[in-house]
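Chains, contacts and geometry: an overview
One letter stands for each residue in the lines below.
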Amino acid sequence: MAEVDLSNYDNVITKKQQIVRLLFQLVWFCFARPIPRRVLNQWKLFLLRLFGAKLHTKSVVYSSVKIYMPWNLKMAAYACLAPEVDCYNVAKISIGAHTTVSQKTYLCSASHDVTKSNNPLITAPIIIRDQAWIGASVFIGMGVEIGQGAVVGATASVYKNVEAWTIVGGNPAKFIKKREING
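Before going into details, it helps to say that this report is about the structure given with it.

Criteria and thresholds
Residues numbered from 1 in each chain as written. Predicted model: local features only at pLDDT ≥ 70, side-chain atom pairs only at ≥ 80, totals over all residues. Heavy atoms only, no water. Salt bridge = Lys/Arg side-chain N within 4 Å of Asp/Glu carboxyl O. Buried < 20%, exposed > 50% of the residue type's maximum accessible area, 1.4 Å probe, protein only. Helix = DSSP H or I, 4+ residues; strand = E, 2+ residues; numbered from the N terminus. Core = buried A, V, L, I, M, F, W, Y, C linked by side-chain atoms within 4.5 Å. Contact = heavy atoms within 4.5 Å. Pairing = 2+ DSSP bridges. Arc of directions from axis to C-beta.

Now for the pattern of salt bridges. Summed over the entire model, instances satisfying the criterion amount to 2 salt bridges. The closest approach of N and O atoms between Lys-116 and Asp-113, which form a salt bridge, is 3.5 Å. Here Asp-113 falls in the buried class, since its relative accessible area comes to 17%. For Glu-145, the salt bridge is made with Arg-129, and the minimal N-O distance between the two is 2.9 Å. Linking Glu-145 in strand E15 (residues 145–146) with Arg-129 in the loop between strand E12 (126–128) and strand E13 (133–134), this pair joins segments that are 16 residues apart in sequence. The exposure class of Glu-145 is partly exposed, given its relative accessible area of 28%.

Structure follows, in C-alpha cells:
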C-alpha cells in the first residue's frame, strides 16, 4: 500500500466558535459545576441560554454535564440531562419533552471521514423524541433519531435510528421488544 500523509487535518470549527466555547467552559466551570446536582437549575439554564441554548424553563441540566457547543442544544419541557452526560454537540442535539438522558451517556454528533487523507470532520444532528428514556452509559452516534417513547438499555451503543415505542439494547443496539405501558 502506498504511504498516505494523514497530517493535513483542517479544523472546520471557526476561531470565533473556539473562543466562545472556551469562554462557555470557563463560565460553566466557575458558576455551574460547583453547584450540587439539581440545585439552582434555573441558574444553570440561564447560563446555557446566555450561550444560545434553546431550553424550556422546565428542562433539567445537572451541574456535572459537559456541553460542547451550547448554541446547538435544544431541550423541551421536563427533558433531563443527568449527571456526567457528555453532550458533544458539534451538530444540533434536540431532546424531547419528558425525556431522560441518564448518567454518563455520551451524545456524539460528530466524527471524521476516515476515507479521506485529511480526516475531515463530519457532523449530523441527534434527535431524541418525547417520552424516551436513555439508560446509563449509553453511546448515541451522529445522525441517530430515537423515536417517541423508546427505551435504550444501559451501556448500549446506538448507531442507527430507534423506532418509537421500542426497547433496544446491546452493542450495537438491537431490538428487544415493543414497549407497552400497562397503567
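Nonpolar side chains in soluble globular proteins tend to end up buried together. One finds Leu-81, Ile-95, Leu-107, Ile-128, Ile-140 and Ile-146 to be the most contacted residues of the largest nonpolar core, which totals 40 residues. Apart from residues lying up to four places away in sequence, Ile-146 is in contact with Ile-127, Ile-128, Arg-129, Ala-132, Ile-134, Ile-140, Val-152, Val-158 and Val-162. Among the nonpolar cores identified, the runner-up in size contains 9 residues, and Ile-13, Tyr-88, Val-90 and Ala-110 belong to it.

As a further point, take the sheet that holds strand E3 (residues 66–67). Taken in spatial order, the 5 strands line up as E3-E6-E9-E14-E17 in an open sheet, and their pairing is parallel. The open sheet has two edge strands, E3 and strand E17 (157–158), and neither has a second partner. Pairing of strand E14 (residues 139–140) with E17, which is carried by 2 bridges, proceeds in the parallel orientation. Among the inter-strand pairings, Ile-140 is bridged to a residue of E17, identified as Val-158.

What follows deals with helix H2 (residues 41–50). Each turn of an α-helix holds 3.6 residues, which means side chains three or four residues apart point in the same direction. Taken residue by residue, H2 has Asn-41, Lys-44, Leu-45, Leu-47 and Leu-48 as its buried positions. The arc that holds the buried residues of H2, viewed along the axis, is 160 degrees, so those residues lie on one side. Buried residues in H2 make contact with helix H1 (15–31), strand E1 (54–55), strand E2 (60–61) and E3. Phi for Gly-52, located one or two positions after H2, is positive at around 95 degrees.

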